[in-house]
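So you can see what is in the structure, the chains are spelled out below.
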Amino acid sequence: MAKMDDRLEGLEQRYNEISELMMSPQVLGDRKTMAKLGREQSELTPIIDTYHAYKEAVAALEDARILAAEDDREIREMAQMEIGELEPKIQSYLDHLELLLVPRDPNDSHNAFMEIRGAAGGDEGNIFAGDLYRMYVKYAESKGWKVEVTDAEDSEAGGYSLIAFKISGQGVYGTLKFESGSHRVQRVPKTESQGRIQTSTATVLVYPELDEEDFDIDMNDLEIETMRASGAGGQHVNKT
């Protein structure tokens, strides 16, 4: 518990430091730094709020234990009742803090790009890809996220052979990253006239949106080549 307290105190100190930085003129004029600090503060907020609630409950428990030693029977009974309520509440806070302190993927808080492609099943695979897209859009709407289509290839039978889109919001990538992979459905397709069940698949790809400060390209690592056609001019160059 001592190690957890030390870590929580360090996070609380960092949270307060971020709050001060975000009020400084230098950061207020730097959009990228402001966004990065805001994202970090947003990630720390549930931890700090739970930590404060935990400390308040611990302080209240200490007071209740002092009152439980009083001579007045009514005061002792009230204190015992409060102790009975506070002890499980404190344990609940501790359990929640342990979950919040589990190391996270640094990209979890980022926006996400998704690509869905119809795979096995021909037209039915494309129809299934369209169903998956509408499912993700409805889920994003329920979370208050924004969806923006970046590319789409419609299928004649319905759905999409490819649909690519960006989802913006808090913690999008962390929530959706495990959706990557092949998705399968078994059903009687719209294109089936005999009522036979068909297995169709669609592939889903999820990757995070990276900010400029998340990567650094050293121009010295790039090799740039320029090529041009040589020889006789006119149609010969075009053909070459």
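In what follows, the accompanying structure is described. Note that the coordinates shown come from a computational prediction; the quantities given were computed from them, not determined experimentally.

This paragraph deals with the packing of aromatic side chains. All told, the structure shown has five aromatic pairs when counted by the stated rule. Considering the side-chain rings of Y133 and Y160, the 5.8 Å spacing of their centres and the 80° angle between planes classify their relative orientation as edge-to-face. A residue pair is termed long-range when its members are at least 10 positions apart, and Y133 in helix 5 (residues 123–143) and Y160 in strand 3 (residues 160–168) qualify at 27 residues. Comparing Y133 with Y160, the two get one shared label, buried. Taken together, a centroid distance of 5.1 Å and an interplanar angle of 70° make the contact between Y133 and F165 edge-to-face. Pair noted here: Y133 is in helix 5 and F165 is in strand 3, with a separation of 32 residues, a long-range link. Of the two residues, Y133 and F165, both sit in the buried class.

For R117, the location among the structural elements is in strand 1 (residues 112–118). Taking the relative accessible area as the measure of exposure, R117 reaches 40% and is therefore partly exposed. Not counting the four nearest positions on each side in its chain, R117 is found in contact with A129, S161, L162, A202 and T203.

On the secondary structure map, M4 appears in helix 1 (residues 2–21). The spatial distance from the C-alpha of M4 to the C-alpha of L94 is 9.5 Å, given a sequence separation of 90 residues. In this structure, M4 is in contact with L94, L97, E98 and L101, ignoring residues within four places of it in sequence.

Attention now goes to the nonpolar core. Within the largest apolar cluster, 24 residues are counted, with the highest numbers of intra-cluster contacts made by L8 and L97. Every element with two or more residues in this core is listed here: helix 1, helix 3 (31–67) and helix 4 (73–100). Tallying contributions element by element places helix 3 first for this core, with nine residues. Those residues in contact with L97 that lie beyond four places of it in its chain are M4, L8, I47, T50, Y51 and Y54. In terms of nonpolar packing, the next biggest core, distinct from the first, is built from 22 residues, I116, A129, Y133 and V206 among them.

Cut-offs and rules
Residues numbered from 1 in each chain as written. Predicted model: local features only at pLDDT ≥ 70, side-chain atom pairs only at ≥ 80, totals over all residues. Heavy atoms only, no water. Phe/Tyr/Trp six-rings, centres within 6.5 Å; stacked < 30°, edge-to-face > 60°. Helix = DSSP H or I, 4+ residues; strand = E, 2+ residues; numbered from the N terminus. Buried < 20%, exposed > 50% of the residue type's maximum accessible area, 1.4 Å probe, protein only. Contact = heavy atoms within 4.5 Å. Core = buried A, V, L, I, M, F, W, Y, C linked by side-chain atoms within 4.5 Å.

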